[in-house]
Amino acid sequence: TFFSLVCLLAAAQLNMSVVGHLDYDDLHQSSVSDVWGYVAQDGTEYALVGVNGGGVSVVSLADPSNPIEVFWYPGPNSIWRDLKVWNRHAYITTEGGGGLAIIDLSTLPANSNLTAENWVGDGWSSAHNIFIDENGIAYICGADRGNGGVIFLDLTQDPFEPVEVGEFDLWYAHDCMARGDTLYGAHLGNGLSVVDVSNKQAPVLLGTQATGNNFTHNCWVSDNGQYVFTTDEVTSGWMGSYDISDPSDIQELQIFKSDPGSNTIPHNTHFIDDYIVTSYYRLGTTIHDVARPWNVIEVAQYDHSPLAGDGFNGGWGTYPWLPSGLIISTDIELGLFVLQPTYVRACYLEGTVRDASSAAPVAMATVQIVDVAVADPTGFSGQYATGYHTGGTYTVIASAPGYESATIAGIVLVNGEVTALDIDLVPLVPFALQGLVIDAISGDPIEGAQVRLKSPTYEYLALAGADGSFQIPTMFADDYSVVAGQWGWRNVCPVEQPIDGSTGIMTIELTPGWYDDFVLDFGWSVSGSASSGSWERGGPVGTSFQGQQSNPGSDVGADCGTLAYVTGNGGGSAGSDDVDEGSTILLSPVFDGTTMWDPHVRYHRWFFNAGGSGSPNDRLRVSLDNGSTTVIVENITSSASSWVPADIRILDFLPLTTTMRMSVFITDDEPGHLVEGGIDLFEVVEMSPVSIPDGVQLGGFDLWPNPSTGSVEIVFPQFTTSSLDVFDATGRSVRSVPVMNSDRLYLDLDLPAGHYHVRWLTPQGDQHVKKLVLMD
């Protein structure tokens, strides 16, 4: 019921309250999409709602607490429906086809039996979006013609017979708006455009600008035409403010987001009286004060979705221009909301952070208002701009790499006023850190080992030299998480410890073993023909498709970090950065399979395949290569929204060599479907630590004396170029010696007394073994 819904959502509000609600699940058994407003000649306000189940709903707000549908115009099913009004007619686009729906609203409220019909354009029948300027020119975005750019329609001659007068088709346009002779376009991966459309037959591109996540979904211009505000429709996406006073040199003023860390996705934003009102998936409707567009501050919110976090649910559209001051917003699952906002000016806190010794500006400083989760970093100028929606007395903390933090109490913030606060930071004294990375078994130095030290403020990466030593010449005291690793050894997982000028030489021991959890970069290579979705190393950014996880939202979790290799990691919708139009191949560095009796390759894989036309037909293929032969060990065609462990016995497929590699191939075959892959927690493990595995031959060479005190002679049946390995009782290789075109070998084994196995690995990959007893 409406009452229970209000009770459920009542706590999730700031300077905004719900007035009325219309549930489309009850009304049409459907979810909804966009919304627009209309005011009849007698002043009655209406909401126009796109209904996914198929049609347009005209809703009277004569009693805002009791919205009532007064007209229904059916249309094709589609989850995308956009609506605009001009000259008392509504114009509606949808990706479901059928052209442009047109509804005559002029008889409202006296007559709600409205005239409506569809008009089909020249060579197009569906479109993603529409905007209509003050001159009666409709701009059709994302139509199924050409690149899906912007088609210009003149509505002034006959409202039911638009006339095409031009187009701007340089890129696909997802959304746009226009004022006067200027068109502003949102082109997803091609960013924001500013276009002169004074000559509709020959538009001129004035400038472009990439936005925060390079996925520009919508844009809206300030009333004075000096600034534009954008949304990027991706997980944890940025909103942005830009100075467009010179369209050929657009300047980013600020990127910002609501509820940082929640992974929510912004959808559409609109400008009114130096505020922007935004529909936010799973976060509801938000209002930001943009009177100072370099210092944007959220001042109101109403969360009308019970869902949270990442996902394309909840807030779809919003309309803030009704004369009553009410905002109408659509929630995909819950329907139409009528909201009463309280517009307040923010409290602005601005100033410069300076070096207390030199008075020079401090870049990368963070100024935070304590206890309200509000902060702003400084640029090269040392300037910052932040603030809060509620006036009062606050404490401010400023911090920067290489400086002592400063705490300033008693800062008074007043709504609608700028509080100026310059802050001086005292520089810290740097120190150098020295360390050593060694083999935990042999004590030998590990050349090229990577050491990463990370704290909330600082991060350093060092490489060990030939003697295993590393140095960080300049660093600052803090609590650091330390991780170290090298290909051929198992990582030392992060251990948090205080490090300062009194810290001695840091010694890190790594245990031998082929292992990679991708917390460090060990040089896996990527190739392939895919136009998007190539393998990349990073923290997985989850995407979903029809309630299923398509790109993983996290790594396996049972390793040293949070990284993995995934195919495309741009977030957004499931098809935004999946593998498209070809294949992508991930190839491991070389590993030595001969250091174990019975090595198994283990890893976790992710494979998701869905959508498109027909049954999904893509695949993920894992192969092993020993330097001369490549074999497929897994061919995955079954989709799963989870990490799946795999355990591959190498000897079931290939002879062991010193030059082995694993490759992971994933492809998007015609016809295209959604396809995503992942690999994490790779390791080569010994599965026969004591007993000799199947396929290994006893004898085949001579060895004496046996038992021995350490010196032994090995005689082969013929001259050979191969390798000889000595394993202890746990199956660990303790000595490896190359055989270079010889029929005998002399060894002095400086090893503890006990039982060992000596293995001769022939050039053909055959294994021959003898037991050896060493005595004191």
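Use the structure listed above.
K.L.:
Give a detailed account of the overall build of the protein chain, specifying residues and quantitative values.
P.N.:
When helices and strands are tallied, the protein chain shows two helices and 63 strands. Referenced to the eigenvectors of the C-alpha coordinate spread, the extents of the protein chain come out at roughly 110 × 65 × 55 Å. Scored against the burial criterion, the 776 residues of the protein chain give a buried share of 54%. Considering only residue pairs separated by 6 or more positions, the protein chain has 59% of its internal contacts joining residues 24 or more positions apart.

K.L.:
Describe the sheet that holds strand β8 (residues 89-94), and please don't skip the residues or the numbers.
P.N.:
Ordered in space as β7-β8-β9-β10, the four strands form an open sheet in which the pairing is antiparallel. Taken across any chain shown, the strands that pair with only one partner, and hence form the sheet edges, are β7 (81-86) and β10 (116-119). Ignoring strand direction, the axes of neighbouring strands in this sheet form an average angle of 25°. The pairing of strand β9 (residues 100-104) with β10 spans four bridges and is antiparallel. In the strand pairing of β10, I103 is matched with A116.

K.L.:
Give a description of the environment of I679 that names residues and reports values.
P.N.:
Its place among the elements puts I679 in strand β57 (residues 674-686). Overall, the relative accessible area of 0% leaves I679 in the buried class. A C-alpha to C-alpha distance of 62 Å links I679 and Q41, two positions 638 residues apart in sequence. Dropping the residues within four chain positions of it, I679 is found in contact with F518, W535, A564, Y565, L586, Y603, H604, R605, W643 and V664.

K.L.:
Go over the pairing of strand β30 (residues 347-355), please, and point to the residues and values.
P.N.:
With respect to burial, β30 is a largely interior element, eight of its nine residues being buried. Bridge analysis of β30 against strand β33 (residues 383-388) gives six bridges, and the strand direction is antiparallel. Across the sheet, Y348 pairs through a bridge with G387, a residue of β33.

K.L.:
Describe the side chain of S241, with residues and values.
P.N.:
Counting through the fold element by element, S241 comes out in strand β21 (residues 239-243). There is a polar contact of 2.6 Å between the side chain of S241 and the backbone oxygen of P293. Excluding residues that lie within four positions of it along the chain, S241 makes contacts with V228, F229, Q251, E252, L253, Q254, F256, P293 and V296.

K.L.:
Let's hear about the packing of aromatic side chains: which residues, and what values?
P.N.:
Counting across every chain of the model gives 31 aromatic pairs. On the basis of an interplanar angle of 55° and a centroid distance of 5.6 Å, the ring pair of W487 and W514 is categorised as tilted. Pair noted here: W487 is in the loop between β42 (478-485) and β43 (492-499) and W514 is in the loop between β44 (506-510) and β45 (515-516), with a separation of 27 residues, a long-range link. Residue class for W487 comes out buried when judged on its relative accessible area of 12%. For W514, a relative accessible area of 15% puts it in the buried group. Through a chain of ring-to-ring contacts, the aromatic side chains of W487, W514, F518, F522, W524, Y565, F591 and F682 assemble into a single cluster. If you follow R621 out to its NZ or CZ, it ends over the ring of F665, 4.2 Å from the centre.

K.L.:
Before we move on, could you go through the pattern of salt bridges and cite the residues and values that matter?
P.N.:
On inspection of all chains with the given rule, the structure shows 16 salt bridges. Here D422 ties to R354 by a salt bridge, and the two come within 4.0 Å at their closest N and O atoms. Here R354 lies in strand β30 and D422 lies in the loop between β36 (418-420) and β37 (423-425), a separation of 68 residues in the sequence. Using a relative accessible area of 44% as the deciding quantity, one classes D422 as partly exposed. Ionic pairing is found between D652 and R649, a salt bridge with its closest N-O pair at 2.8 Å. Connected through shared salt-bridge partners, R145, E164 and E167 make up one network.

The rules behind each value
Going along each chain's sequence as written, the residues are numbered from 1 onward. The model is predicted, so local features are restricted to residues of pLDDT at least 70 and side-chain atom pairs to those at 80 or more, both for listing and for counting; the totals for chains, interfaces and linings are taken over all residues. As a rule here, side-chain values cover all heavy atoms of the structure and leave hydrogens and water aside. Helical segments are the DSSP runs of H or I of at least four residues, strand segments are the runs of E of at least two, and each set is numbered from the N terminus. Partly exposed residues are those whose accessible area sits between 20% and 50% of the maximum for their type, while under 20% is buried and over 50% is exposed, using a 1.4 Å probe and protein chains only. We call two residues in contact whenever any of their non-hydrogen atoms come within 4.5 Å of each other. A strand pair is defined by DSSP finding two or more bridges across the two strands. Whenever a helix is involved, its axis is fitted only over the stretch in contact; in every case the axis is a line through C-alpha atoms, and angles between N-to-C directions fall within 0 to 180 degrees. Here a polar contact means two N or O atoms within 3.5 Å. Within protein one must be a hydrogen donor candidate and the other an acceptor candidate, and residues neighboring in sequence count only if both atoms are side-chain atoms. A pair of Phe, Tyr and Trp rings is counted when the ring centres sit within 6.5 Å of each other, with Trp represented by its six-membered ring. The angle between the planes then sorts it: under 30 degrees is stacked, over 60 is edge-to-face, the rest tilted. In our convention, an over-ring charge means Lys NZ or Arg CZ found within 6 Å of a ring centre and within 35 degrees of that ring's normal. The term salt bridge refers to a pairing of a side-chain nitrogen on Lys or Arg with a carboxyl oxygen on Asp or Glu at a separation within 4 Å.

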